[in-house]
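Fold and geometry: a report
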Amino acid sequence: MAYFDAASAAPLHPVARQALLASLDEGWADPARLYREGRRARVLLDAAREAAAEAVGCRPDELTFTSSGTRAVHTGIAGALAGRRRVGRHLIVSAVEHSSVLHAAELFEAAGGTVTQVPVDRAGRVQPSAYGDALRADTALACLQSANHEVGTEQPVAEAAEACRAAGVPLLVDAAQSLGWGPVEGDWSLLTASAHKWGGPSGVGLLVVRKGVRFAPQGPVDERESGRAAGFENIPAIVAAAASLRAVRAEAAAEAVRLRELTERIRARVPGLVPDAEVVGDPARRLPGVVTFSCLYVDGEALLHELDREGFSVSSGSSCTSSTLTPSHVLRAMGVLSEGNVRVSLPAGVAEEEVERFLEVLPRVVAGVREKLGAPASEAVVREADALVVDSLGKRCPIPVIELAKVIGDVPVGGLVRVLSDDEAARLDIPAWCEMRNQEYVGEEPADQGTAYLIRRAT
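Below or above, wherever it landed, is the structure these notes cover. Owing to the predicted nature of the structure, the values given are computational and were not obtained by experimental measurement. Just so you know, the residues in each chain are numbered from 1, in the order the chain's sequence is written. In keeping with the predicted nature of the model, local features appear solely for residues at pLDDT of at least 70, side-chain atom pairs appear and are counted solely at 80 or more, and the whole-chain, interface and lining totals rest on all residues. Values reported for side chains reflect all heavy atoms of the structure, with hydrogen atoms and water molecules removed beforehand.

Let us now look at helix α1 (residues 14-24). With a 1.4 Å probe rolled over the protein chains alone, any residue whose accessible area is under 20% of its type maximum counts as buried; one over 50% counts as exposed, and the rest are partly exposed. Numbering of helices and strands runs from the N terminus, with a helix taken as a DSSP run of H or I at least four residues long and a strand as a DSSP run of E at least two residues long. Residues of α1 that are buried: Ala16, Ala19 and Ser23. The arc enclosing the buried residues of α1, seen along the axis, measures out at 70 degrees, which places them on a common side. In α1, the exposed residues that point more than 90 degrees away from the buried face are Pro14, Gln18, Leu21 and Ala22. Residue contacts are defined here by distance: any two heavy atoms, one from each residue, within 4.5 Å place the two residues in contact. Buried residues in α1 make contact with α2 (36-56) and α7 (235-273). This arc is built from the directions going out from the helix axis to the C-beta atoms.

Take a look at the structure:
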């Protein structure tokens, strides 16, 4: 089985396994106690904190271990907002942040705060000037991920941090996807990360709060982790997380070159191997091992199941995955195709032969899924005076786009097709299809049921 979903969780690094097993015998006691067993545990915890801080590029007393990356994000955002409540109640986030950031923003907004979402371009990247433009006198905090978890696009953190610093606003960076590859550049104020993203054990997160940043921990506080993460530390897991971070960093430069070559191979060859496929994300400023593409006329869930049967574990931001009936917020913000979306995120050490086998299998799998979907019955098409009407009400992606593609040639150049759909994904996928197929997307209008999408045949 080829595991191509390292962006979700990287396989446990051998160094993490060794450190975890070794520290089970020494790190079980309470590190707050002064007797021998407690001192041994404290030595392990302090050494892990120093190693992690060195990798991050911060002071050991600025780094807190939390129970997960999500917990680090929620604690960091809540604490920074509370610490600067006298400044104001305004929060800035990008439109493609991880759900943990967006959920925290939703909670803040529900409690009376205001949130500005900075848009991204079609490659998934924010414009650095947009963060400066979003800053206000009452801005308490800004958040920006270092690299996107779905499409791999790297963000201009250093430039955004400079704008925020000039305005006296702290910037929180979600570095979960990038920290294993190197430290985050720029004058950021807070940083979060998660060990299972770089090959450490799950259940360990990092929260860094620079000295001088106003921070007020929320919820019950105890004496552990500077009052920012209540509860007994999981010392063996923390030791394994720090040891693996140091190990992957030692290998990062060479492995990044190798993975970039493999992902570039996928980016370059998929459009030629699979008709009507769109590779998304920034072509250059991206994580080494991540490549994402979408395929027209393909059900995302069916595609993932078929790839699984062929021995490949991949993930998807498609609107047709089992976990959601709406498009990924990342793909929606980018304005790219969500149908048949596949994210390939290669783990360190992946064999070149597995990538070649994936490229060999993919065209057959996509063609098989497309054949199974087929075309809907022709009675779904009705001719009106000014347009050809396709009734796709009650049909989920990618059926509305399939029906559109089947009939676009039945109208003359300059003629209109009106697609009726009540699937939210159509709002993203029909314009994306028009751009891919050089047709003119006119817009949308209300219909008796759902929405009518207007497409003018241009070619």
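Basic side-chain nitrogens of Lys or Arg form a salt bridge, by our definition, when they fall within 4 Å of a carboxyl oxygen of Asp or Glu. Considering all chains together, one arrives at 34 salt bridges under this definition. Across the pair Glu37 and Arg36 runs a salt bridge, and its minimum N-O distance is 3.9 Å. A salt bridge links Glu278 to Arg122; the shortest N-O distance between them is 2.7 Å. With Glu278 in strand β9 (residues 277-280) and Arg122 in the loop between β4 (114-118) and α5 (128-134), this residue pair connects regions lying 156 residues apart in the sequence. By relative accessible area, Glu278 is classed as buried at 12%. Taking relative accessible area as the criterion, Arg122 reaches 29% and is therefore assigned partly exposed. In the salt-bridge network here, residues are joined through shared partners; they are Glu261, Arg265, Arg269, Glu352 and Glu356.

Moving on, we come to the sheet that holds strand β6 (residues 171-174). What the 7 strands build is an open sheet, ordered β2-β8-β7-β6-β5-β3-β4; its pairing is mixed. The outermost strands of the open sheet, each flanked by one partner alone, are β2 (63-66) and β4. Strand-to-strand twist in this sheet, taken as the mean axis angle between neighbours without regard to direction, amounts to 20 degrees. In this analysis, strands are considered paired if DSSP registers two or more bridges between them. Here β6 pairs with strand β7 (residues 190-194) via 3 bridges, running parallel. Its bridge partner lying in β7, Asp174 is registered against Thr192. Under this scheme, a helix contributes an axis fitted over its contacting stretch, all axes are lines through C-alpha atoms, and angles between N-to-C directions fall in the 0 to 180 degree range. Here helix α4 (residues 99-110) sits on the sheet in contact with β3 (90-94), β4 and β5 (139-145), set at roughly 155 degrees to β3.

A few words now on unusual backbone geometry. Its identity as a non-glycine residue notwithstanding, Tyr297 has a phi of 65 degrees, on the positive side. Along the chain, Tyr297 falls in the loop between β10 (290-295) and α8 (300-309). The backbone phi angle of Asn438 is positive, close to 60 degrees, even though this residue is not glycine. The topology assignment puts Asn438 in the loop between α12 (426-436) and β16 (440-446).

Here we take up the packing of aromatic side chains. Aromatic pairs are defined between Phe, Tyr and Trp rings, using the six-membered ring for Trp, whenever the two ring centres lie within 6.5 Å; interplanar angles under 30 degrees are classed as stacked, those over 60 as edge-to-face, and all others as tilted. Taken as a whole and judged by the stated rule, the model has 3 aromatic pairs. An angle of 65 degrees between the planes, with centres 5.8 Å apart, marks the rings of Phe4 and Phe358 as edge-to-face. Highlighted residues: Phe4 in the loop between β1 (2-3) and α1 and Phe358 in helix α10 (residues 352-373), separated in sequence by 354 residues. Residues Phe4 and Phe358 agree in their burial class; the two are buried. Centroid distance Phe312 to Phe358: 5.3 Å. Interplanar angle 75 degrees. Geometry classified as edge-to-face. Residue Phe312 is located in strand β11 (residues 312-313), and its partner Phe358 is located in helix α10; the two are separated by 46 residues in the primary sequence. One exposure class covers both Phe312 and Phe358, and it is buried.

The subject of this paragraph is the nonpolar core. Buried Ala, Val, Leu, Ile, Met, Phe, Trp, Tyr and Cys residues form a nonpolar core when they are joined through side-chain atoms within 4.5 Å. Counting 59 residues, the largest nonpolar core has Val56, Leu63, Phe65, Tyr131, Leu171 and Trp198 as the members making the most contacts within it. The biggest single contributor to this core is α7, with 9 residues. Those residues in contact with Leu171 that sit more than four places away from it in its chain are Tyr131, Ala142, Cys143, Leu144, Val157, Ala160, Ala161, Cys164, Trp188, Ser189 and Leu190. Val274, Phe293, Phe312 and Val366 belong to the second-largest nonpolar core, a separate cluster that totals 29 residues.

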